[in-house]
Amino acid sequence: MFNSLSDRLTATFKGLRGKGRLSEADIDETVREIRRALLEADVSLPVVRTFTTRVKERAMGEEVSSSLNPAQQVVKIVNEELIVILGGETRNLRLAKKPPTVIMLLGLQGAGKTTLAGKLAKYLANQGHTPVLVAADLQRPNAVNQLQIVAERAGVPSYAPEPGNGVGDPVKVARDSLAEAERSLYDVVIIDTAGRLAIDEELMGQAKAIRDAVEPDELLLVIDAMIGQDAVQTAAAFQDGVGVDGVILTKLDGDARGGAALSVREATGAPIMFASVGEKVEDLEVFHPDRMASRILDMGDVLTLIEQAERAFDADQAQRMADKVARGDAFTLEEFLEQMQAVKKMGSLGKLLGMLPGMAEARKQLEQIDDRELDRVAAIIHSMTPQERRDTKVLNGSRRARIAKGAGVQVSDVNNLVDRFTEAQKMMKRMRSGGGGMPGVPGMPPMPGMSKKAKGKGKPPKAKKGRSGNPAKRAQHAGQDHRAEGRHAGAVDHDGSANRQTVAVHVCHRAAEQAGREGDHGRPEAGGCEATRHRRRAVA
């Protein structure tokens, strides 16, 4: 949703790089581009004026002029101000001290309240709660039936005593749901109320009556993030008419410009608590202002990526894989399939890679990623026998043809998978036993537990020179060997250590050669140095 805004801001900041000092004209131009980017993103005009005024005041102050990197300081200021207009800190649900906690959903028709109710119930169920969905929208056709289907998909119970379609009293249904929650031991009650195509007195009157009947702990306004600046008027109307404790944005994965997310908090004072980012029941995220600001400025959202990985990957499975790598066991296709299925649970590959910093420039490539490729890889692996998954070396031509036919792919697809997997195996093997750091990454330190001696492991020994057929040369070689043995013997002291004496003798020899005081046998004369005299005594 924030792609266009992120691209505009990234391009604006790129023009500041390399400047050691920012003039007033540079700051004015930067603020002007930020203002244009926010207006194009459909952010409310009062919010844009407030935001740009804060940024300009801080950018013109001592904070930027005295910094070593003014461009980075401006980006830091924009990031901090974005966090402020998005809400500052993460706002969590307030749970009642005495259950049940009552959550009342408000919003216009078409904002996605009923679907959002199921997502919120699923989120709370994953947190260890026992929620129940209450069908208090008795006016929209099939609203009650839709809520029951959503509750079934979320795996939570629903309370729908009235058939709906204009039949029943929503205030009575909401009031009776509290008694049902106490009787069935539900600790969270989520009430789905009716909406309208526009704000009217009847809608507000019914919402007030339900509010007074159940006294909810949280009044959450559901807003479609694609309606732009109208979100501000909608939020203000509900704030004045009923009261709003928090906002939930739906359809945040759409291609709209995202002005609602940047306008609602600043205009109404109600914090954004959740964001719906997909069509599945699990696609509901807690809204973190600092992380959303980082996404807008192309700084990534690594914390959310880690949280999704922790939910998708089984802890015992990850520990088994770590132990296996530490032992040096081979990585098999069966384990590769388990890891791939866990990654698939985290969501779209393009979305996951988009959470990494600096991926805005590769957005077009990310959009072309086909998640069905994971299904093809899984089909190929499932078409193999257990032996073939554990040892890809047995895959000859006939086996690969059979696997391709069973998976519905070409033989070349099987070959590509096996080749890439073999390279991955080699890389992991080098990482375990190479001792010289990560393969292909210069400068990386050796991994713990690896010995540096392993670097020379596997090198063939130097070949020994053969015996010459010339008698004169044989005699010359014999003399050289004799002198080398003498030097080696003289380098060994009474304790068996050789290093210091060898160095001393070598230094003494070099000094004697430079002074021209060589003896008949290539050794310094008796008046040389103390190390030479000690060596002669050792040889004697």
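Note that the coordinates shown come from a computational prediction; the quantities given were computed from them, not determined experimentally.

Chemist: Looking at this structure, I do not really get the layout of surface pockets. What am I missing?
Modeler: Taking a probe equal in size to a water molecule and rolling it over the atoms shows the remaining empty space. Its volume calculated, the second largest pocket comes out at about 440 Å³. Forming the boundary of the second largest pocket are 13 residues, of which Phe 336, Gln 339, Met 340, Leu 374 and Val 377 lie nearest the centre. Those elements that provide at least two residues to the lining of the second largest pocket are α15 (333-345), α18 (372-382) and α21 (411-433). For the lining of the second largest pocket, the class distribution of residues is 10 nonpolar, one polar and two charged.

Chemist: How should I be thinking about a nonpolar patch on the surface in this particular structure?
Modeler: Taken together, the side chains of Leu 353, Leu 356 and Ile 369 present a nonpolar region at the surface, about 190 Å² in accessible area. Turning to its location among the elements, Leu 356 is positioned in the loop between α16 (349-354) and α17 (363-367).

Chemist: Even after reading the chapter, I still don't get the pairing of strand β6 (residues 246-250), so can you show me in this structure?
Modeler: Remark: a regular strand shows side chains that alternate across the two faces of the sheet. Of all the five residues making up β6, five are buried; the element is thus mostly covered by neighbouring parts of the structure. Here β6 shows a buried face lined by Gly 246, Ile 248 and Thr 250 and a second buried face lined by Val 247 and Leu 249. Taken together, the five bridges between strand β5 (residues 218-224) and β6 define a ladder with parallel strand orientation. By the bridge assignment, Asp 224 is partnered in β6 with Thr 250. Once you follow β5 into helix α10 (residues 230-241) and on to β6, the crossover reads as right-handed. For β6 and strand β7 (residues 272-276), the ladder comprises three bridges, and the chain directions are parallel. Across the sheet, Ile 248 pairs through a bridge with Phe 274, a residue of β7.

Chemist: In this structure, what is going on with the nonpolar core? I would like to understand it.
Modeler: The nonpolar side chains of soluble globular proteins are, as a tendency, buried together. In this structure, Phe 13, Val 78, Leu 82, Leu 120, Ile 190 and Leu 262 are the most contacted members of the largest nonpolar core, which totals 99 residues. The leading source of residues in this core is helix α5 (residues 70-86), at nine residues. If sequence neighbours within four positions are ignored, Ile 190 has contacts with Ile 103, Leu 105, Ala 117, Leu 120, Ala 121, Leu 124, Pro 131, Val 132, Leu 133 and Val 134.

Chemist: Whenever I open this one, the packing of aromatic side chains confuses me. Can you help?
Modeler: Ring pairs (aromatic) are described by centroid distance and by the angle formed between their planes. Within this structure, the stated rule accounts for two aromatic pairs. Considering the side-chain rings of Tyr 123 and Phe 274, the 5.3 Å spacing of their centres and the 75 degrees angle between planes classify their relative orientation as edge-to-face. Highlighted residues: Tyr 123 in helix α6 (residues 113-126) and Phe 274 in strand β7, separated in sequence by 151 residues. Assessed through its relative accessible area of 3%, Phe 274 is described here as buried.

What counts and what doesn't
- Residues numbered from 1 in each chain as written.
- Predicted model: local features only at pLDDT ≥ 70, side-chain atom pairs only at ≥ 80, totals over all residues.
- Heavy atoms only, no water.
- 1 Å grid on protein atoms, 1.4 Å probe; cavity = no way out; pocket = protein on both sides within 12 Å on 5 of 7 lines; lining within 4 Å.
- Points joined across faces, edges and corners; volume = space filled by probe spheres on them.
- Helix = DSSP H or I, 4+ residues; strand = E, 2+ residues; numbered from the N terminus.
- Nonpolar A, V, L, I, M, F, W, Y, C, P; charged D, E, K, R; others polar.
- Patch = residues over 30% accessible without salt bridge, like charges linked within 9 Å, V, L, I, M, F, W, Y side chains within 5 Å.
- Areas by Shrake-Rupley, 256 points an atom, 1.4 Å probe, with all protein chains shown as cover.
- Salt bridge = Lys/Arg side-chain N within 4 Å of Asp/Glu carboxyl O.
- Buried < 20%, exposed > 50% of the residue type's maximum accessible area, 1.4 Å probe, protein only.
- Pairing = 2+ DSSP bridges.
- Right-handed = clockwise from strand over helix to strand, strands pointing away.
- Core = buried A, V, L, I, M, F, W, Y, C linked by side-chain atoms within 4.5 Å.
- Contact = heavy atoms within 4.5 Å.
- Phe/Tyr/Trp six-rings, centres within 6.5 Å; stacked < 30°, edge-to-face > 60°.

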